[in-house]
Amino acid sequence: MSEPRPDELIRKMEHKSPQKGWMDTPVNIRKGMYCYASNPKSVEYLGLPNARAWNPLDVDWKLPPDWKEIIHKGFRERLDKFRSFKIFMDVCVRCGACADKCHFFIGTGDPKNMPVLRAELLRSIYRNDFTVAGKIFGKLAGAREMTIDVLKEWWYYLFQCTECRRCSVFCPYGIDTAEITIMGRELLNLLGLNIDWIATPVANCYRTGNHLGIQPHAYKDMIDFFIEDIEEVTGVKVDPSFNQKGADILFITPSGDVFADPGTYTAMGYLILFHYLKEMGLNVTWSTYASEGGNFGFFTSHETMKRLNKKMYAEAKRLGVKWILGGECGHMWRVVNQYMDTMNGPADFLEVPVSPITGTRFENAKSTKMVHIAEFMADLIKHKKLNLDPSRNDHLKVTYHDSCNPARGMGMLEEPRYVMKNVCNNFYEMPPNTIREQTFCCGSGSGLNAGENMEQRMAGGFPRANAVKHVHEKYGVNMLSCVCAVDRAALPPLMDYWVPEVGVCGLTELVANALVVPGEAERTTDLRGEELQVKEEEDKNV
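As the structure is a computational prediction, the values presented were derived from the model and not from experiment.

Colleague: Explain the overall build of the protein chain to me, please; I cannot follow it from the model alone.
Modeller: Helix and strand content of the protein chain: 25 helices and 7 strands. Taking 2.2 N^0.38 as the reference for a compact globule, 542 residues should give roughly 24 Å; the C-alpha atoms of the protein chain span a radius of gyration of 24 Å, in line with that estimate. Each principal axis of the C-alpha distribution contributes one length, and for the protein chain these read about 80 × 50 × 40 Å. Burial status across the protein chain gives 61% buried among its 542 residues. Across the protein chain, every contact between residues at least 6 apart in sequence was considered, and the portion connecting residues at least 24 apart equals 77%. Here the protein chain has roughly 21600 Å² of accessible surface; of this, 50% comes from carbon and sulfur atoms. The protein chain carries 64 positive and 69 negative side-chain charges, and their two centres are separated by 7 Å.

Colleague: Which parts of the structure should I look at to understand the sheet that holds strand β6 (residues 479–482)?
Modeller: For sheets, the rule is that strands pair by backbone hydrogen bonds, running either parallel or antiparallel. In space, the 3 strands of this open sheet follow the order β5-β6-β7, with parallel pairing throughout. Bordering the open sheet on either side are β5 (398–400) and β7 (503–506), each of which pairs with just one other strand. The mean angle between the axes of side-by-side strands here comes to 35 degrees, regardless of whether they run parallel or antiparallel. The pairing of β6 with β7 spans 4 bridges and is classified as parallel. Residue pairing for β7: L480 is matched across the bridge by V504. Set on the sheet, helix α23 (residues 485–498) makes contact with β6 and β7; between it and β7 the angle comes to about 165 degrees.

Colleague: Sorry, what's going on with the packing of helix α15 (residues 302–319) against helix α16 (residues 331–338) here?
Modeller: Helix-helix packing is characterised by the crossing angle of the two axes and by the distance between the axes. Remark: α15 packs on α16, axes separated minimally by 11 Å, with the N-to-C direction vectors making an angle of 90 degrees. Taken together, the axis directions place α15 and α16 in an arrangement best described as roughly perpendicular. Contact with α15, carried on its side by M305, N309, M312 and Y313, involves M332, V335 and V336 of α16 and no other residues of that element. Taken together, the residues that form the contact of α15 with α16 break down as 6 nonpolar, 1 polar and no charged.

Colleague: What is the right way to look at unusual backbone geometry in this model?
Modeller: As a rule of thumb, non-glycine residues mostly have phi less than zero, and peptide bonds are mostly trans rather than cis. Going from D261 to P262, the amide bond is cis rather than trans, its omega being 0 degrees. Geometrically, the link from G345 to P346 is a cis peptide bond, its omega value of -5 degrees lying close to zero. For P346, the location among the structural elements is in the loop between α17 (340–343) and β4 (370–372). Positioned with a positive phi, R165 is a non-glycine residue whose angle comes to about 75 degrees. Among the structural elements, R165 can be located in the loop between α8 (148–158) and α9 (166–170).

Colleague: Teacher, can you tell me more about the sheet that holds strand β2 (residues 284–286) here?
Modeller: Reading across the sheet, the 4 strands line up as β2-β1-β3-β4 and stay open at both edges, with parallel pairing between neighbours. One side of each edge strand has no neighbouring strand; the edge strands of this open sheet are β2 and β4. Strand-to-strand twist across the sheet, computed as the mean angle between neighbouring axes with direction ignored, equals 30 degrees. When strand β3 (residues 323–326) meets β4, the two strands line up parallel, connected through 3 bridges. Note that in β4 the partner of I324 across the bridge is M370. Across the sheet, helix α14 (residues 263–278) lies against β1 (249–252), β2 and β3, angled at about 150 degrees from β2, the strand it touches most.

Here is what the cut-offs are and how they apply
Residues numbered from 1 in each chain as written. Predicted model: local features only at pLDDT ≥ 70, side-chain atom pairs only at ≥ 80, totals over all residues. Heavy atoms only, no water. Helix = DSSP H or I, 4+ residues; strand = E, 2+ residues; numbered from the N terminus. Rg over C-alpha atoms; globule rule 2.2 N^0.38 Å. Buried < 20%, exposed > 50% of the residue type's maximum accessible area, 1.4 Å probe, protein only. Contact = heavy atoms within 4.5 Å. Areas by Shrake-Rupley, 256 points an atom, 1.4 Å probe, with all protein chains shown as cover. Lys, Arg positive; Asp, Glu negative; His and termini not counted. Charge placed at Lys NZ, Arg CZ, Asp CG, Glu CD. Pairing = 2+ DSSP bridges. Axes fitted to C-alpha atoms, helices over the stretch in contact; angles between N-to-C directions. Parallel < 35°, antiparallel > 145°, perpendicular 65-115°, else oblique. Nonpolar A, V, L, I, M, F, W, Y, C, P; charged D, E, K, R; others polar.

Here it is, written out as structure tokens:
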């Protein structure tokens, strides 16, 4: 890796008062701290304006001549359309309660990564263009004119925000800085200023149904490989259903679970669980067309977010299912839980989800008709429908990372823990101020999980890694569990960098390890092929 060594990066984390005011500090775009510009083909495919090749390090960003007018008009439209945005622009008193809550500020020491100051980058233009005080008093009122340097500052720092909303937990006025970041990115997209790690996955999803651009036959082929791996480990051959019209439940998970380690083991866990429940009446099908639960549109604009969310429900309608079961994904669940009703819902053509195994009616999904796999499994365990042997996970000492969007975005805090405590004998919590509502971000969310911005990611993920290091040293924790595909992609390099003795897994992988499947062969390894810990009783009989 080309980023600084951990000790060098820690020395860079200086939290000193700047010599100049923030308005007088020019932006310094440097390698390792930004993602590559979006591919013009992807921008064009999405129908976004000003598709062209450009480089953030170049002086000339190839902007349209009327770019200032475009930004001004877009700003006004969003102030008129989104009342919350207007409120967030007005009510901040710059108290600084959020300042030290952002993982990027903690990890970089850059004042412009304070949530309050990141928002000020937009508020200063708002005051200048849309308030009387700003027009009269200018800089004294915190106002400044829109310039090319301000635009570059916007792009640089709005893509150093993972929209995790930790800052919002501590804001006394309830300002959602993530919403401000979303608006700022929408404005940048009016000029074709996106990053490739967002634009290309969204374009792929428009084209093939998933972020990776995988065709339906290749998606099925990959799951067929999992079927072979499962049979090798368990002796059981699972038989999943694809694109089945009239199935009771449509299952949708992020494509990262199907094509990227360690998410692939989570996907194997889904297959084992569904096979186990089949004899109990579970009729679930996978789609090779709506093959993506994740929603990178969430990081682009409200319109792209709406379009990507809609495809899941369009597929549910095409197949004629009763309701949707969703896999382990972060931004999918924030979009479904917080935006679905006003964007695409309510999904009245579907039924209120009822578990065919336990009879539980999921009232929390009454409008969205979509149930999270963690709450589905927690309900099964509560009703004693799963035959579990938690000792199969005894080779693991597990802690849990509250993925930002399920935790803060949908309040799912207890269900994953309930599941984990029933499938693991060795579970340890990280410090209270780093979990649940106050959880730290992985440092790579909202489309920042690229390879070229590794220094940014390692700095932003430092607070989470530091909490993992604490439980690793205190309890010997060697596995970090989560319920988000981005986390499963982002946390392994973060752990390799800061706490290399700790692995990363999904929740359903742990369930599948512990699940005693009828007809299975003697289990000697977990899904990863790692040897299970021999029970003491067995040792005595040897």
